[in-house]
Amino acid sequence: TQLLEQSPQFLSIQEGENLTVYCNSSSVFSSLQWYRQEPGEGPVLLVTVVTGGEVKKLKRLTFQFGDARKDSSLHITAAQTGDTGLYLCAGAGSGTYKYIFGTGTRLKVLA
Amino acid sequence: DTGVSQDPRHKITKRGQNVTFRCDPISEHNRLYWYRQTLGQGPEFLTYFQNEAQLEKSRLLSDRFSAERPKGSFSTLEIQRTEQGDSAMYLCASSLVGQGPEQYFGPGTRLTVT
C-alpha cells in the first residue's frame, strides 16, 4: 500500500520566517503534486514535479522532488499571512491514476 | 474555463436517508475523480472515470456508494442508507488525458449525517 507521510503536521511561524515541509514515502511515484487548501474549499494545485531531482520555483515557494522519486519538499521563503493553509502532497504510481494524498501540513503564519 | 463545480455545497441529512451529489468537470476534461476528506486528513481516493467508463474503485467505496458518469460529462455520487461515519467533504476533480498528471478540484460538498 502506498503511503505519503507529511511532516510536520502543524506549523505556526511568524511572518518573514522560512519553513520547509516534507513529504515522504517508501514507494516510487511517477509524479507528485503539491496543493494548498483553505477551510471549506477544495485543494488548489500549486505545482507538479515529474523528474527525480527536479526543482521548481513558484515565487517564494521552492519545490523539490527526490532523486529516487520517493519524497519531496516544499520550502517557503519569507512566509506571509496569505500562505496560511493546509499543504497537501499527492502522488500516483506508474500506470495508475489512483492518487494518494499525504496527511497534510497545517501552516499558520502570524502577523 | 469555469472550473469544476459541485452541487450542493452543503447537505445535512438524517441517518438512513439517501443523498446524491453532482460534479461538473472542466469542459472537455475526460477524467473525473471522486475523493472523500474527513476533518484533519488528506483526501482519500474513491473512484475515477475516463469518459463514461469507471476505471478504478477504492475499497472505501462500499456497496452503499455508487458513482456514475453516463454521458462522459457530469458525474453523480450517490450514498444510500447514510451513516454518521459518512459525514465528510466529498471532493470532485477533473483532468485531461495527455495534458499531464494535474487534476483540478471543485469546492466540495460537505455532508453532515445526523
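Scoring rules and cut-offs
- Residues numbered from 1 in each chain as written.
- Chains lettered and ligands numbered in written order.
- Predicted model: local features only at pLDDT ≥ 70, side-chain atom pairs only at ≥ 80, totals over all residues.
- Heavy atoms only, no water.
- Helix = DSSP H or I, 4+ residues; strand = E, 2+ residues; numbered from the N terminus.
- Rg over C-alpha atoms; globule rule 2.2 N^0.38 Å.
- Buried < 20%, exposed > 50% of the residue type's maximum accessible area, 1.4 Å probe, protein only.
- Contact = heavy atoms within 4.5 Å.
- Areas by Shrake-Rupley, 256 points an atom, 1.4 Å probe, with all protein chains shown as cover.
- Lys, Arg positive; Asp, Glu negative; His and termini not counted.
- Charge placed at Lys NZ, Arg CZ, Asp CG, Glu CD.
- Pairing = 2+ DSSP bridges.
- Phe/Tyr/Trp six-rings, centres within 6.5 Å; stacked < 30°, edge-to-face > 60°.

Asks: Please clarify how the overall build of chain B should be interpreted in this entry.
Replies: Along its length, chain B carries zero helices and eleven strands. The helix and strand sequence of chain B, counted from the amino end, reads β-β-β-β-β-β-β-β-β-β-β. Computed over the C-alpha atoms, the radius of gyration of chain B is 13 Å, within 12% of the 13 Å expected from 2.2 N^0.38 for a compact globule of 114 residues. In terms of its C-alpha atoms, chain B occupies a principal-axis envelope of roughly 40 × 25 × 25 Å. Buried positions account for 46% of the 114 residues belonging to chain B. Residue pairs at least 24 apart in sequence account for 53% of intrachain contacts in chain B once pairs closer than 6 positions are excluded. Summed over all atoms, the accessible surface of chain B reaches about 5,800 Å², with 43% contributed by carbon and sulfur. Charge separation in chain B, taken as the distance between the mean sites of 14 positive and 13 negative side-chain charges, equals 7 Å.

Asks: Explain unusual backbone geometry here, please?
Replies: Note on backbone geometry: most residues besides glycine have negative phi, and most peptide bonds are trans. In this structure, the amide linkage connecting A:Ser7 to the following residue, A:Pro8, adopts the cis form with an omega of -10 degrees. On the secondary structure map, A:Pro8 appears in the loop between strand S1 (5-7) and strand S2 (10-14). Cis geometry marks the peptide bond from B:Asp7 to B:Pro8; its omega dihedral reads -5 degrees. Positioned with a positive phi, A:Lys59 is a non-glycine residue whose angle comes to about 55 degrees. Considering the arrangement of structural elements, one finds A:Lys59 in the loop between strand S6 (55-58) and strand S7 (61-65). A positive phi angle, close to 55 degrees, is found at B:Asn51, a residue other than glycine.

Asks: How should I be thinking about the pairing of strand S9 (residues 85-92) of chain A in this particular structure?
Replies: Taken residue by residue, a regular strand's side chains alternate between the two faces of the sheet. All names here are of chain A. Burial runs high along S9: eight of the eight residues are buried. Relative to S9, strand S4 (residues 31-37) is paired through seven bridges, and the arrangement is antiparallel. Across the sheet, tyrosine 35 pairs through a bridge with leucine 88, a residue of S9. Two elements, S9 and strand S11 (residues 105-110), share three bridges in a ladder whose sense is antiparallel. Bridge pairing in S11 places tyrosine 87 opposite threonine 105. In this structure, S9 lies alongside strand S10 (residues 100-101), joined through two bridges in antiparallel fashion. Looking across to S10, one finds that glycine 91 is bridged to isoleucine 100.

Asks: Would you explain the packing of aromatic side chains in this entry?
Replies: Where two aromatic rings form a pair, the distance of their centres and the angle of their planes describe that pair. The final tally for this structure, using the stated rule, is twelve aromatic pairs over all chains. For the ring pair A:Tyr35 and B:Phe105, a centre distance of 5.4 Å and an interplane angle of 90 degrees mean the geometry is edge-to-face. On the criterion of chain membership, the pair formed by A:Tyr35 in strand S4 and B:Phe105 in strand S10 (residues 104-105) is interchain, its members lying in two chains. This pair shows no difference in class: A:Tyr35 is buried, exactly as B:Phe105 is. Ring plane angle 85 degrees and centroid distance 5.4 Å describe the contact between A:Phe101 and B:Tyr35, whose orientation is recorded as edge-to-face.

All quantities given are derived from atomic positions and should not be read as evidence of function.
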